[in-house]
Amino acid sequence: MSNPGFETICAHYGEDPERFHGAVAPPLFQNSLFALPDAETFLDQAGRGKGRYVYTRVSNPTTDILETKLAVLEKGEMARCFGSGDAAAAAAIFYAVKTGDHVVAVDTAYGPTRQILSEYLQKFKIEVTYVRGNEISDFEAAIRPNTRLFYLESPSSLIFHIQDLREITRLAKEHGILTVIDNSYSTPYFQNPIELGVDLVMHTATKYLGGHSDLVGGVVVGKAEHMMSLRDNEGTLLGGILDPFAAWLMLRGLRTLPVRMDRHQSSCLRIAEYLESHPMVSVVHHPGLESHPQHKLACSQMRGTNGLVSFEFKDGKRSTAVKFVDSLQYYHIAVSWGGYESLAIPIRFPTGAIQLTDPSDYRWGSRLHIGLETPEDLLNDLDQAFKKAAT
Ligand SMILES: *Cc1c(COP(=O)(O)O)cnc(C)c1O
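Residues numbered from 1 in each chain as written. Predicted model: local features only at pLDDT ≥ 70, side-chain atom pairs only at ≥ 80, totals over all residues. Heavy atoms only, no water.

Caption draft 1: Seen up close, the sheet that holds strand E6 (residues 200-204). Judged by pairing direction, the sheet is mixed, and its 7 strands sit side by side in the order E1-E7-E6-E5-E4-E2-E3 without closing on themselves. Whereas interior strands pair on both sides, the edge strands pair on one side only; in this sheet they are strand E1 (78-82) and strand E3 (127-131). Strand-to-strand twist of the sheet, defined as the mean angle between neighbouring strand axes without regard to direction, takes the value 20 degrees. The pairing of E1 with strand E7 (residues 218-222) spans 5 bridges and is antiparallel. Across the sheet, residue alanine 79 finds its bridge partner in E7, namely valine 221. Contacting E1 and E7, helix H3 (residues 61-73) runs over the sheet at an angle of about 125 degrees to E1. Its contacts with the sheet place helix H7 (residues 165-174) against strand E4 (147-153) and strand E5 (178-182), and it is angled at close to 170 degrees to E4. (Pairing = 2+ DSSP bridges. Helix = DSSP H or I, 4+ residues; strand = E, 2+ residues; numbered from the N terminus. Axes fitted to C-alpha atoms, helices over the stretch in contact; angles between N-to-C directions. Contact = heavy atoms within 4.5 Å.)

What follows is the structure in structure tokens.
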């Protein structure tokens, strides 16, 4: 069977039931170490076991199946799973840079990742320049002789800024700069950055890859030339690996990733269109809407959009956003996203291009994650919450 499709890879790739007594769902190897048959094998195999499992921080059969699948889904050669998305981002960044290097990162990157870049990396005298990233000239202008890494996140997860991955990676290659992208928004189902020229792709698996809000994990995927070193150093040596049980849960989550993403997409687009037509709403942020300023670019490098949408209230008031979110029935008030359940949080949007600290320069709105509930229930719930927020 050559070139299986995405759904078939999720269901079968990397699995061989014959290895495990015919078990259709691969078993969970929840053990830290693996016994060897005799002393000679031990002496031969200690350290990096050749074809044998030795110690779970190095490798584990359950995690191996997951990494094999994720590498193929993301069009890379190798994948390494981590205990969280943050650990995966840190691994990719630490692999890319050394003391004295310079990083260019998009200013809409995930908050804790920004903290790694601008606070933690100071220990190693690594400087970071943040750019808006919507224009290739943003990156061109920020390059220094010691720039080693472009850190991207496209789309971002609050206002969905998009970077032109083909153009940016072409520029990076001209200057010998490594590119890393946080592809969590799209999952490999909707976007494959490696095909567009990106070197390393990271995901938080806590969101859609897990998909059930019951695990914390992350993954980095790339070519073997990068991943061999990243696997052994930032993976095995720093040791922030994924627990086998979380790997097992993620394998389970992956089986339904394509059908979940299709439903997140269709429900969320319906809701984004509803929001756009609502008299209390001024702006809706969603890259699948034609009104999104980068909609064309989104269509040129992504195959779909996820369950996230954010919008601003016309009156811009904090009290409206709070009342709206508090009035929702089916949406939990919670951080994160990517699970089966719908979520809502009040957020504030800077009104100018520059991020000002004065709260009066913000306009309040909300970010929603549209889950897998009945779309009509989610729409009706929003409708009654808008009515309450209007009073
Ligand atoms: C949640 C998130 C992360 C961090 O992942 P954890 O699994 O929580 O460590 C990174 N990037 C994005 C875009 C996220 O939403």
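Caption draft 2: Representation of the site of the ligand in the model. With respect to spatial proximity, the complete set of residues near the ligand consists of Ser84, Gly85, Asp86, Tyr110, Glu153, Asp182, Thr204, Thr206, Lys207, Gly217 and Trp337. Here an oxygen atom of the ligand and a side-chain polar atom of threonine 204 are 2.8 Å apart. Here an oxygen atom of the ligand and a side-chain polar atom of threonine 206 are 2.6 Å apart. When the free accessible area of the ligand is taken as 380 Å², the share hidden by the protein chains comes to 90%. For the shell around the ligand, the residue count by class is 2 nonpolar, 5 polar and 4 charged. (Near = heavy atom within 4 Å. Polar contact = N/O pair within 3.5 Å; in protein donor to acceptor, adjacent residues only side chain to side chain. Areas by Shrake-Rupley, 256 points an atom, 1.4 Å probe, with all protein chains shown as cover. Nonpolar A, V, L, I, M, F, W, Y, C, P; charged D, E, K, R; others polar.)

Caption draft 3: Summary view of the environment of aspartate 214. Structurally, aspartate 214 can be placed in the loop between E6 and E7. Residue aspartate 214 is classed as partly exposed on the basis of its relative accessible area of 45%. It is 22 Å that separates the C-alpha atoms of aspartate 214 and threonine 68, two residues lying 146 residues apart in sequence. (Buried < 20%, exposed > 50% of the residue type's maximum accessible area, 1.4 Å probe, protein only.)

Caption draft 4: Seen up close, the packing of helix H4 (residues 85-96) against helix H5 (residues 111-118). The interhelical angle for the contact between H4 and H5, taken along N-to-C directions, is 30 degrees, at an axis separation of 10 Å. Here H4 is positioned roughly parallel relative to H5, judged by the angle of their axes. Crossing geometry of H4 relative to H5 is assigned as right-handed. Across the interface between the two elements, Asp86, Ala89, Ala90, Ile93 and Phe94 from H4 touch Pro112, Thr113, Ile116 and Leu117 from H5. Broken down by class, the residue content of the contact of H4 with H5 amounts to 7 nonpolar, 1 polar and 1 charged. (Parallel < 35°, antiparallel > 145°, perpendicular 65-115°, else oblique. Left-handed = near helix turned anticlockwise from the far one by under 90°.)

Caption draft 5: Region of interest: the nonpolar core. Leu66, Leu70, Phe139, Phe150, Tyr151 and Val220 are the most contacted members of the largest nonpolar core, which has 81 residues in total. Per-element accounting of this core gives the leading share, 7 residues, to H4. Discounting chain neighbours no more than four positions away, the residues touching phenylalanine 139 are Val104, Val106, Val131, Gly133, Phe150, Leu152, Gln163, Ile168 and Leu171. Met280, Val284, Phe311 and Leu378 belong to the second largest nonpolar core, which has 27 residues in total. (Core = buried A, V, L, I, M, F, W, Y, C linked by side-chain atoms within 4.5 Å.)

Caption draft 6: Structural view of the packing of aromatic side chains. Tallied over the entire structure, the rule returns 17 aromatic pairs. Considering the side-chain rings of phenylalanine 34 and tyrosine 53, the 5.5 Å spacing of their centres and the 35 degrees angle between planes classify their relative orientation as tilted. One end of the pair, phenylalanine 34, is in the loop between helix H1 (6-12) and helix H2 (39-45); the other, tyrosine 53, is in the loop between H2 and H3, and 19 residues separate them in sequence. In this structure tyrosine 53 comes out as partly exposed when scored by relative accessible area, which is 23%. In this structure an aromatic cluster arises from ring pairing among Tyr274, Phe311, Phe313, Phe324 and Phe386. Over the face of the ring belonging to tyrosine 362 we find arginine 348, whose NZ or CZ atom lies 4.2 Å from the ring centre. (Phe/Tyr/Trp six-rings, centres within 6.5 Å; stacked < 30°, edge-to-face > 60°. Lys NZ or Arg CZ within 6 Å of the ring centre and 35° of its normal.)

Caption draft 7: Spatial organisation of unusual backbone geometry. Across the junction of serine 154 and proline 155, the peptide omega takes the value -10 degrees, indicating a cis bond. Relative to the helices and strands, proline 155 resides in the loop between E4 and H7. Despite not being glycine, lysine 125 shows a phi value in the positive range, around 55 degrees. Note on lysine 125: relative accessible area 64%, which makes it exposed. One non-glycine residue, threonine 187, lies in the positive phi region at around 60 degrees. Looking at the element boundaries, threonine 187 is found in helix H8 (residues 187-190).

Caption draft 8: Highlighting the sheet that holds strand E10 (residues 343-350). Strands sit in the order E8-E9-E11-E10 across an open sheet of 4 strands; the sheet is antiparallel. The open sheet is flanked by strand E8 (281-285) and E10, the only strands paired with a single partner. Sheet twist, expressed as the mean angle between neighbouring strand axes with direction ignored, is 25 degrees. Direction of pairing for E10 relative to strand E11 (residues 362-369): antiparallel, over a ladder of 8 bridges. Bridging across to E11, arginine 348 finds its partner in tryptophan 364. Those strands touched by helix H11 (residues 257-276) are E8, strand E9 (308-313) and E11, and its axis lies near 10 degrees from that of E9.

Caption draft 9: Molecular detail of the pairing of E5. Burial of E5 is extensive: 5 of the 5 residues sit out of reach of the surface. Of the two faces of E5, the one carrying Leu178, Val180 and Asp182 and the one carrying Thr179 and Ile181 are both buried. Sheet topology note: the E4/E5 ladder contains 5 bridges and is parallel. Each residue of the ladder has a partner; that of phenylalanine 150, found in E5, is threonine 179. The parallel pair E4 and E5, bridged by H7, forms a crossover whose chirality is right-handed. Pairing of E5 with E6 involves 3 bridges; the strand directions are parallel. Bridge pairing links aspartate 182 to methionine 202 in E6. (Right-handed = clockwise from strand over helix to strand, strands pointing away.)

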